[in-house]
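# Observations on the three-dimensional arrangement
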Amino acid sequence: MTISLTRREFAIAGGAAMLALPAAAQDAAPLARAIPSSGERLPAVGLGTAYVFNTDDTVTRQKASAVLQALIAGGGRLVDTSSVYGDAEAVLGEAIVPAGLRDKLFIATKLEAPDAAELKRSLTRLKTEKLDLLQFHNVQDPQQSLAQFKEWKAQAITRYIGITSTRHADFAAVESVLAREKPDFVQVDYSIDDREAEKRILPLAAEVEAGVLTALPFGRARLFRAVNGKDIPDWARGFAESWAQFFLKYLLGDPRVTAVIPGTADPAHMTDNIGAMRGPLPDADQRRQMVAFIEAL
Ligand SMILES: NC(=O)c1ccc[n+]([C@@H]2O[C@H](COP(=O)([O-])OP(=O)(O)OC[C@H]3O[C@@H](n4cnc5c(N)ncnc54)[C@H](OP(=O)(O)O)[C@@H]3O)[C@@H](O)[C@H]2O)c1
């Protein structure tokens, strides 16, 4: 289900967003990573939807439409949401389906429990019969079974299953469930100033061949606050045109990361973020230099 936009579709989908990309970047193929369990290639920058689409009203629906157009125009597909992100699933359903965007997107949502009623509510709100990824939200129990999620995958209600956590106190439970249940994806917090996942989750994900989605890639707004008023260093200009791209490319510089999912309600920010799928990535030495720079702030 990979999408490739022709130049014309690319322009129609978001001419304004495209203009924001430099000419060389418009020609480069966007970075995509293989989902380990299938080999399907997924564009490496997606959209997170915690907080930003909480209220289902006209303004929020318009923002969601504009952000999705910018995502698609930049070559992205992945949208990550949850049954408990306020009205986000309903806002997305309204923005996606009437505009005919369903097949251009890889929709990931999360349930609080393996509960058929909760799943039905998410499908109804997202206006879709099938999900691309269904995740168990905030795993806490090391014995958590994914049997029901596997059954829904067998029934083709979802193409992939996953687990998530952004609480380091629960990483032991994440490790247990990841090792035993071997879901297709694990989603954890990972940012240049929050690298616990590098030590614990990423090596195990590689071992069990799970794709990795990075929640909180900016630590919410924490990283932007840390560099407020500062320019990106000259040595980073070869691979990053903005602080957002600096932070996202640090994560994408690790090949175990399948995709990053920065949250935004701003289409210009989406275009900026999606720019991290183009141009060179930092190498290991540059990634160490990036960490040292951020730690010295
Ligand atoms: N346990 C879990 O499963 C879990 C927990 C947390 C998060 N998540 C997922 O991870 C996603 C990402 O986390 P998050 O949204 O909380 O935090 P985040 O992506 O680390 O940061 C979002 C913040 O960055 C700003 N931003 C985004 N792009 C920007 C840009 N180019 N320039 C300047 N500012 C920018 C956004 O504001 P604007 O709206 O103004 O752009 C927003 O304030 C969530 O949306 C959710 O899908 C999952």
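As the structure is a prediction and not an experimental result, all values here were calculated from the model.

## Notes on the site of the ligand
Close contacts around the ligand come from 28 residues, with Asp80, Asn138, Phe218, Thr264 and His269 the closest. Within the side chain of threonine 164, an N or O atom sits 2.8 Å from an oxygen atom of the ligand. The contact in question runs from a nitrogen atom of the ligand to an N or O atom on the side chain of asparagine 273, over 2.8 Å. Starting from 900 Å² of accessible surface for the ligand in isolation, the protein chains cover 85%. It is helix H11 (residues 267–274) that provides the largest number of residues to the shell around the ligand, a total of 3 residues. Of the residues contributing to the shell around the ligand, the split by class is 11 nonpolar, 12 polar and 5 charged.

## A closer look at the side chain of aspartate 170
In this fold, aspartate 170 is placed in the loop between strand E7 (158–165) and helix H7 (171–181). Overall, the relative accessible area of 12% leaves aspartate 170 in the buried class. The residues touching aspartate 170, leaving out its near neighbours within four places in the chain, are Val139, Gln140 and Ser165.

## Thoughts on the pattern of salt bridges
Within this structure, the stated rule accounts for 22 salt bridges. Its salt-bridge partner being lysine 127, residue glutamate 94 comes within 3.2 Å of it at the nearest N-O pair. Taken together, the residues glutamate 94 in helix H4 (residues 88–96) and lysine 127 in the loop between helix H5 (116–126) and strand E6 (131–136) connect sequence positions 33 residues apart. The class for lysine 127 is partly exposed, based on a relative accessible area of 39%. Arginine 167 serves as the salt-bridge partner of aspartate 170, at 3.9 Å between the closest nitrogen and oxygen.

## Here's the deal with the packing of aromatic side chains
Counted according to the given criterion, the structure contains 16 aromatic pairs. Between phenylalanine 106 and phenylalanine 185 the ring centres are 6.3 Å apart and the planes differ by 70°, which places this aromatic pair in the edge-to-face class. Placement of phenylalanine 106 in strand E5 (residues 106–111) and of phenylalanine 185 in strand E8 (residues 185–189) is noted, with a sequence separation of 79 residues between them. With centroids separated by 5.7 Å and ring planes inclined at 20°, the aromatic side chains of tryptophan 243 and phenylalanine 247 adopt a geometry described as stacked. With a gap of 4 residues between them, tryptophan 243 and phenylalanine 247 both fall in helix H10 (residues 243–252), about one helical turn apart. Using a relative accessible area of 12% as the deciding quantity, one classes tryptophan 243 as buried. On the accessibility criterion, phenylalanine 247 (0% relative accessible area) is buried. The rings of Phe218, Phe224, Trp235, Trp243, Phe246, Phe247 and Phe293 are connected pair by pair, giving a single aromatic cluster.

Parameters and conventions
- Residues numbered from 1 in each chain as written.
- Predicted model: local features only at pLDDT ≥ 70, side-chain atom pairs only at ≥ 80, totals over all residues.
- Heavy atoms only, no water.
- Near = heavy atom within 4 Å.
- Polar contact = N/O pair within 3.5 Å; in protein donor to acceptor, adjacent residues only side chain to side chain.
- Areas by Shrake-Rupley, 256 points an atom, 1.4 Å probe, with all protein chains shown as cover.
- Helix = DSSP H or I, 4+ residues; strand = E, 2+ residues; numbered from the N terminus.
- Nonpolar A, V, L, I, M, F, W, Y, C, P; charged D, E, K, R; others polar.
- Buried < 20%, exposed > 50% of the residue type's maximum accessible area, 1.4 Å probe, protein only.
- Contact = heavy atoms within 4.5 Å.
- Salt bridge = Lys/Arg side-chain N within 4 Å of Asp/Glu carboxyl O.
- Phe/Tyr/Trp six-rings, centres within 6.5 Å; stacked < 30°, edge-to-face > 60°.

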